[in-house]
Amino acid sequence: MRIFDLHADIGPDVLNQHHLGKDNVLLTRHSDECLKGEVSAIAMASFFSGKETYEEMQEMILTLENELEHQNVWQRVLSGNDLKSDRPLALMSVEGMCGIKENECEAIEWMYEHGIRLASLCWNEENALASGIKGNPDHGLSEMGRNVISKMDELHMVIDVSHANEKTFWDILDCSKGFVIATHSNAYTLCNHPRNLKDEQIRAIAAKGGLIGMNSCAYFIDHDLTKVTVDALAKHAAYIKNLVGIDHLACGFDFMDFFGEEDADYIINDMKDASYAQNFIQALKNNHFSDCEIKKIAYQNVIDRFSQYLR
């Protein structure tokens with residue numbers, strides 16, 4: 001079954017490979033695995049950990065944009081209409097805006113002009129805009145951060161809250177009049193990791209018509225790594241479905257195998273990379289999701305909402 005993956009840190013890999021003198025990175029390192037697993041739509045994230053400058057942010061975004069412009073497999077998603085393409089879909093996203101320290105609205109406009117349609121203000125760090133889960137818990141959106149949210153709403157850029165601390169999360173939900181999602185987070189009740197969402201957060205995202213992408217990172221599925229399986233991930237989906245309904249579920253697997261960490265303990269054995277993605281579809285079937293429900297989680301919820309929202 002076709003899958004739309006809301007989060008893959010492909011931007012850093014593309015830039016790293018370019019620094020090594022390689023090109024066609026999407027086709028040589030990513031396309032085969034993705035298409036083998038029927039992951040035919042991806043939010044390709046440019047990821048920034050908190051130390052990068054604005055110029056470094058621009059370099060990664062431009063490098064990924066250039067790759068997408070010089071290949072004929074992936075359809076760039078710039079508007080809702082692009083989601084109708086029969087080709088595999090590539091939507092450019094940003095994880096963390098640590099490099100933005102001034103002229104924030106101009107920076108968001110620049111990102112939009114270069115294809116970014118989905119973004120989070122922070123990763124785990126605290127920056128000039130917002131605080132992530134490792135930032136001061138009493139700090140949320142700054143005034144600059146509120147300006148960024150307003151500009152993103154104006155441009156119909158989708159806002160991602162996956163790494164926000166609780167204060168930032170609630171500030172964004174209060175501030176934004178647009179489309180807010182958590183691209184790669186699971187249920188806190190089943191695994192009380194700070195990156196997961198508490199019930200009231202899940203309900204708040206659903207109340208705004210948002211989506212929550214299921215994350216295959218082991219740490220966010222169960223603290224006991226011996227119990228981490230793709231079936232356990234499907235149980236997070238079942239929990240959220242029972243809490244707010246099927247229309248708010250999606251996939252956000254956060255595969256990182258291409259960084260050369262195949263033996264890292266965050267990887268689920270039966271979800272090692274994108275080529276294994278259909279195992280999640282089977283796990284949903286094993287957990288009594290109907291075919292219609294699985295289609296919604298796999299791709300239809302994202303297609304429906306993004307088609308309506310992206311200009």
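Remember, it's a predicted structure, so these values are computed and weren't measured experimentally. (Residues numbered from 1 in each chain as written. Predicted model: local features only at pLDDT ≥ 70, side-chain atom pairs only at ≥ 80, totals over all residues. Heavy atoms only, no water.)

A. Geometry of the pairing of strand S4 (residues 89-95). Of all the seven residues making up S4, seven are buried; the element is thus mostly covered by neighbouring parts of the structure. Alternating positions in S4 separate into two faces, Leu-89, Leu-91, Ser-93 and Glu-95 on one and Ala-90, Met-92 and Val-94 on the other, with burial throughout. Sheet analysis places strand S2 (residues 39-47) next to S4, joined by seven bridges and oriented parallel. Each bridged residue has a counterpart across the sheet, and for Phe-47 the counterpart in S4 is Glu-95. Bridge analysis of strand S3 (residues 75-76) against S4 gives two bridges, and the strand direction is parallel. Directly across from Arg-76, in S4, lies its bridge partner Ala-90. Both S4 and strand S5 (residues 116-120) contribute to a ladder of four bridges, which runs parallel. (Buried < 20%, exposed > 50% of the residue type's maximum accessible area, 1.4 Å probe, protein only. Helix = DSSP H or I, 4+ residues; strand = E, 2+ residues; numbered from the N terminus. Pairing = 2+ DSSP bridges.)

B. Quick peek at the packing of aromatic side chains. Applying the stated criterion across every chain yields a total of nine aromatic pairs. When the ring of Tyr-54 is compared with that of Trp-110, the centres are 6.3 Å apart and the planes differ by 70 degrees; the resulting orientation is edge-to-face. Of the two residues, Tyr-54 is situated in helix H3 (residues 54-69) and Trp-110 in helix H4 (residues 104-113); the sequence distance between them amounts to 56 residues. For the pair Tyr-54 and Trp-110, a shared accessibility class is recorded, and that class is buried. Connected via pairs of aromatic rings, a cluster forms that spans Phe-4, Phe-179, Phe-306 and Tyr-309. Lying across the ring of Tyr-112, Arg-117 places its NZ or CZ 3.6 Å from the centre. Positioned above the aromatic ring of Tyr-188, the side-chain terminus of Lys-198 is 5.1 Å from the ring centre. (Phe/Tyr/Trp six-rings, centres within 6.5 Å; stacked < 30°, edge-to-face > 60°. Lys NZ or Arg CZ within 6 Å of the ring centre and 35° of its normal.)

C. A look at empty space enclosed by the protein. What the rule picks out here adds up to two cavities of 30 Å³ or more. In this structure, the largest cavity spans a volume of roughly 90 Å³. Around the largest cavity, the lining comprises 13 residues; the ones closest to its centre are His-30, Cys-34, Phe-255, Phe-258 and Ala-274. At the level of elements, strand S1 (3-8), helix H2 (25-36) and S2 are the ones that each hand at least two residues to the lining of the largest cavity. Ranked by residues supplied to the lining of the largest cavity, first place goes to H2 with four residues. (1 Å grid on protein atoms, 1.4 Å probe; cavity = no way out; pocket = protein on both sides within 12 Å on 5 of 7 lines; lining within 4 Å. Points joined across faces, edges and corners; volume = space filled by probe spheres on them.)

D. Local environment of the confidence of the model for the chain. Mean pLDDT over the chain stands at 96; residues scoring 70 or higher make up 98%. Per-residue pLDDT, averaged within each element of the chain, yields its smallest value for H2 (96) and its largest for strand S9 (residues 249-251) (99). (pLDDT = per-residue confidence, 0-100.)

E. Region of interest: helix H9 (residues 278-286). Regarding H9, the residues found buried are Phe-280, Ile-281, Ala-283 and Leu-284. End-on view of H9: buried residues confined to an arc of 160 degrees, all on one side of the axis. (Arc of directions from axis to C-beta.)

F. Region of interest: the environment of Ser-275. Considering the arrangement of structural elements, one finds Ser-275 in the loop between S9 and H9. Separated by 49 residues in the primary sequence, Ser-275 and Thr-226 have C-alpha atoms spaced 22 Å apart. Excluding residues within four positions of it along the chain, Ser-275 makes contact with Glu-33, Lys-36 and Gly-37. Engagement of the side chain of Ser-275 in a polar contact is seen with the side chain of Asp-273, the distance being 2.4 Å. (Contact = heavy atoms within 4.5 Å. Polar contact = N/O pair within 3.5 Å; in protein donor to acceptor, adjacent residues only side chain to side chain.)

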